[in-house]
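This is what each chain is made of:
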Amino acid sequence: MVEEGAPTPAPDASHARIARAMTHAPGPDQLLQMYAAMLRVRRFEERARELYHAGRIPGFIHLSVGQEGVAVGVGAALRRDDYLLSTHRGHGHLIAKGGSLRALMAEIFGKATGCCKGKGGSMHIADASVGYLGANGVLASGCVLAPGVGLSIQMRGTDQVVAVLFGDGAANRGPFHEGVNLSALWRAPVVFVCENNSWASTTAHELSTAGGSIAARAAGYGIPGVAVDGNDALAVHAAVAEAVRRARGGDGPSLIEAKTVRWLGHHEGDPQAYRPKSEVEEGRRQDPIARLRAHLEGAALLDAAHAARVAQAIEADVEDAIAFAESSPLPEPHHALDDLFVHWPWKD
Amino acid sequence: MPVMDFGDALNLALKEEMRRDGRVYCIGEDIVLGLPFGVTKGLAEEFGLARVRNAPISEAAIVGSSLGAAMTGLVPVVDMHFADFVTCAMDEVVNQIAKSRYMFGGQIACPLTLRMPYGIGKSAGGHHSNSVEAWFVNTPGLKVCMPSTPADARGLLKTAIRDPDPVLIFEHRALYRVQGEVPAEETLVPLGAADVKRAGTDVTVIATARMVGEALLAAEMLAEEGISAEVVDPRSLVPLDRATLAASVAKTHRVVIAEEGPMRASVGAWLAWVVMEQSFDELDAPIARVAAPDVPIPFSPPMEAFVTAHAGQIVAAARELMK
Ligand SMILES: Cc1ncc(C[n+]2csc(CCOP(=O)(O)OP(=O)(O)O)c2C)c(N)n1
Ligand SMILES: [Mg+2]
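Reading the values: rules and limits
- Residues numbered from 1 in each chain as written.
- Chains lettered and ligands numbered in written order.
- Predicted model: local features only at pLDDT ≥ 70, side-chain atom pairs only at ≥ 80, totals over all residues.
- Heavy atoms only, no water.
- Helix = DSSP H or I, 4+ residues; strand = E, 2+ residues; numbered from the N terminus.
- Rg over C-alpha atoms; globule rule 2.2 N^0.38 Å.
- Buried < 20%, exposed > 50% of the residue type's maximum accessible area, 1.4 Å probe, protein only.
- Contact = heavy atoms within 4.5 Å.
- Areas by Shrake-Rupley, 256 points an atom, 1.4 Å probe, with all protein chains shown as cover.
- Lys, Arg positive; Asp, Glu negative; His and termini not counted.
- Charge placed at Lys NZ, Arg CZ, Asp CG, Glu CD.
- Pairing = 2+ DSSP bridges.
- Axes fitted to C-alpha atoms, helices over the stretch in contact; angles between N-to-C directions.
- Buried area = accessible area lost by both parts, 1.4 Å probe.
- Salt bridge = Lys/Arg side-chain N within 4 Å of Asp/Glu carboxyl O.
- Polar contact = N/O pair within 3.5 Å; in protein donor to acceptor, adjacent residues only side chain to side chain.
- Nonpolar A, V, L, I, M, F, W, Y, C, P; charged D, E, K, R; others polar.
- Near = heavy atom within 4 Å.
- pLDDT = per-residue confidence, 0-100.
- Donors = N, O, S within 2.8 Å, 3.2 Å for Na, K, Ca; no water.
- Phe/Tyr/Trp six-rings, centres within 6.5 Å; stacked < 30°, edge-to-face > 60°.

## Focus: the overall build of chain A
Link 1 in the chain: Tallying secondary structure elements over chain A gives 12 helices and 7 strands in all.
Link 2 in the chain: Taking 348 residues into account, the globule formula puts the C-alpha radius of gyration at 20 Å, and chain A, at 20 Å, falls close to it.
Link 3 in the chain: Considered along the principal axes of its C-alpha atoms, chain A spans approximately 60 × 55 × 40 Å.
Link 4 in the chain: A total of 348 residues make up chain A; the buried ones form 57% of that total.
Link 5 in the chain: Nonlocal contacts in chain A, meaning residues at least 24 apart in sequence, comprise 75% of its contacts between residues at least 6 apart.
Link 6 in the chain: A total accessible area of about 13,800 Å² is found for chain A, and carbon and sulfur atoms account for 56% of it.
Link 7 in the chain: Distance from the positive charge centre (33 side chains) to the negative charge centre (39 side chains) of chain A: 1 Å.

## Focus: the sheet that holds strand β12 (residues 236-238) of chain B
Residue and element names in this part refer to chain B.
Link 1 in the chain: An order of β3-β2-β4-β5-β7-β6-β12 is seen for the 7 strands of this open sheet, with the pairing classed as mixed. Only two strands of the sheet have a single partner each, and these edge strands are β3 (52-54) and β12. The sheet shows a mean angle of 20° between the axes of neighbouring strands, taken without regard to direction.
Link 2 in the chain: Here 6 bridges tie strand β5 (residues 113-118) to strand β7 (residues 167-172), and the two strands are oriented parallel to one another. The residue of β7 that forms the bridge with Y118 is H172.

## Notes on the interface of chain B and chain A
Link 1 in the chain: Listed per partner, the contact involves 32 residues of chain B and 40 residues of chain A.
Link 2 in the chain: Summed over both sides, the interface between chain B and chain A buries roughly 2,600 Å², with carbon and sulfur atoms accounting for 69% of that surface.
Link 3 in the chain: Of all residues in chain B, I57, F299 and M303 of chain B bury the most surface against chain A, accounting for 26% of the area lost on that side.
Link 4 in the chain: At the boundary of chain B and chain A, one finds 1 salt bridge.
Link 5 in the chain: Note that E59 of chain B and R173 of chain A form a salt bridge whose closest N and O atoms lie 3.3 Å from each other.
Link 6 in the chain: Counting across the chain B and chain A interface gives 10 residue pairs in polar contact (both at pLDDT 80 or more).
Link 7 in the chain: Looking at which element gives the most residues to the side of chain B that touches chain A, the answer is helix α10 (residues 301-306) of chain B, with 4 residues.
Link 8 in the chain: Taken together, the residues of the side of chain B that touches chain A sort by class into 19 nonpolar, 8 polar and 5 charged.

## What about the site of ligand 1?
Link 1 in the chain: Around ligand 1, the surrounding shell holds 22 residues, and the nearest of these are H88, R89, G137 and D168 of chain A together with E59 of chain B.
Link 2 in the chain: Those residues lying near ligand 1 are distributed over chains A and B.
Link 3 in the chain: Here an oxygen atom of ligand 1 and a side-chain polar atom of H266 of chain A are 3.5 Å apart.
Link 4 in the chain: Computed on the free molecule, ligand 1 has an accessible area of 580 Å², of which 97% lies beneath the protein chains in the complex.
Link 5 in the chain: Grouping the constituent residues of the shell around ligand 1 by class yields 8 nonpolar, 9 polar and 5 charged.

## Section: the confidence of the model for chain A
Link 1 in the chain: Chain-level pLDDT for chain A is 94 on average; 93% of the residues reach the 70-or-more range.
Link 2 in the chain: pLDDT under 50 marks residues 1-21 of chain A. Its contacts with residues more than four places away, or in other chains, come to 30 contacts.

## Some remarks on the coordination of the magnesium ion (ligand 2)
Residues and elements named next belong to chain A.
Link 1 in the chain: Those protein atoms acting as donors to the magnesium ion (ligand 2) are D168 (OD), N197 (OD1) and W199 (O), and they sit at 2.0 to 2.1 Å.
Link 2 in the chain: Motif for the magnesium ion (ligand 2), donor spacing along one chain: D-x28-N-x1-W. Note that D168 is positioned in the loop between β2 (162-167) and α7 (174-185) and N197 in the loop between β3 (190-196) and β4 (199-200), a separation of 29 residues in sequence.
Link 3 in the chain: In this structure N197 comes out as buried when scored by relative accessible area, which is 6%.

## Describing the packing of aromatic side chains
Residues and elements named next belong to chain A.
Link 1 in the chain: A complete count under the given rule lists 12 aromatic pairs over all chains for this structure.
Link 2 in the chain: Ring plane angle 70° and centroid distance 6.5 Å describe the contact between F166 and F192, whose orientation is recorded as edge-to-face. With F166 in strand β2 and F192 in strand β3, the pair connects residues that are 26 residues apart, well separated along the chain. An identical accessibility class is assigned to F166 and F192; each is buried.

Printed below as a string of structure tokens:
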């Protein structure tokens, strides 16, 4: 492992070493769970998309179809009591962390039974019951919360870790740099994961990001930085699992850049005039779900009948979440006044 | 007069000013394609990517670099994307832009414009819905304007760009597609010039931006009850046209101040003091205020509607004053 102050290895070499080591390689059960989790994210997002266009979901939503390999690669490397800080494109992150589909769907419907009682909505969801400390409507803001979560873990003396996800665009905000620096300084148990889908809304990664590589930025802070294929859930998992191992062991933060493809618009309703259709077509050929499925089939862990059962179960879960959201009540208007403070006996 | 929508009127103002003055440039996130609200559409085609600059998601550097450029001879127009994200450049706006000229004894000018798309609506949620003008009205060194019509939007933005000092222009998201007449000839709207949007004799409603429309709606409803409301739109908050407010109060003797942001320590609270200070002897009733409850903006539609200031509240407040 990289010693403090030592130069960070080039991303590729480091990645190769991690891949070789594969000390955290998931077993058959976990592989199947990862496959199911990706499918669950995919189907949730696809159905949310339909429901959004049918007018059932207010506000605006940013979907993660195509990026499931990152969400699940991260989620599968974390324990339930670990923490996750997320982004505006966060449905998949919460699902991968084990969040309830019902509470998530109800929240994006704006229902009283949502995990934030309808106050948050798609971009501002938290589910404390699974350590999901919040999606964020303000890009990169989670990056400066992360060292504090890490500090809390250190001072409480637990062996938890916190992972923080952010986009490639968000990596150009100051809080990314401040958060990485502080985490490195404190040797905080933080795993920074940049979900690089090569676009920030309509702005291409190469037109906004000097130096190109996000992972390489780790070198400046003396922490490991690796770039991985984000469409390969196992590669993401291996990198995150190694970073988690370091973090739990007191070796401090790591930075992982997972390269992936956003199949849909930036948000629903984005006409996407700025990018060629071929890019998405190429992305679809790297479908992270198909890839893991092929891997599972190759290892004789999954056959068509089994896959159909998995798909059916997920379909039922997603439809159950939708039925729950549809049948749940809207919040009462005056509930807008609740939840501001813990303690507020005053009539002000 | 040609009719156009508020967003197109702002677009026209940008084009006119960029044609007039080669020092003017626009910067912001995704502005080349005109995101997020279409205001910068077509500018890149006409003026090129050097003057219509897509920036990385780096609000501090977007705003800070604009100050650097403004100090040294350029005239930046910053698109804040959503005014909510000005929090990510608060040091640059409040400590650097607002104070540079003053602290340095007047040596430095800062002719930049911050375009602030803002406001509640469509369940955009807690991070994309806020009315944050009070923060800047409370920051000495910034001029602040808030258009309510397409003509005012175009005229104020042009004035803001030509002004030698930093000007924030708050563009309400709900107004972008509202239509209105805009003079065919080039027309500037000065800062510090309120506009009486509807004349009346019984009660003065002071409102800006989206709340002007609500005030006009309220005035219609009040007229049916025989109450004549005058709607005064200050248009710019810093500087403030105190004389027009005083003249209106001298006529009506009653005042409702309507705003979209929260009650506490707000623009409306300050305007109430202005009215009280200059027109105390004219007032026949306490000043009434309409504002949002002191909570962040919730996502779900029934709760969002609950915290959205609207015409009905202005009507109720005015009725109460007439009792
Ligand atoms: C501080 C801040 N600036 C701007 C925005 C508006 N915005 C929302 S998403 C987005 C692009 C984000 O790109 P990236 O970080 O790469 O994430 P992706 O959308 O690709 O998942 C922008 C500019 C925001 N939400 N927060
Ligand atoms: Mg991106």
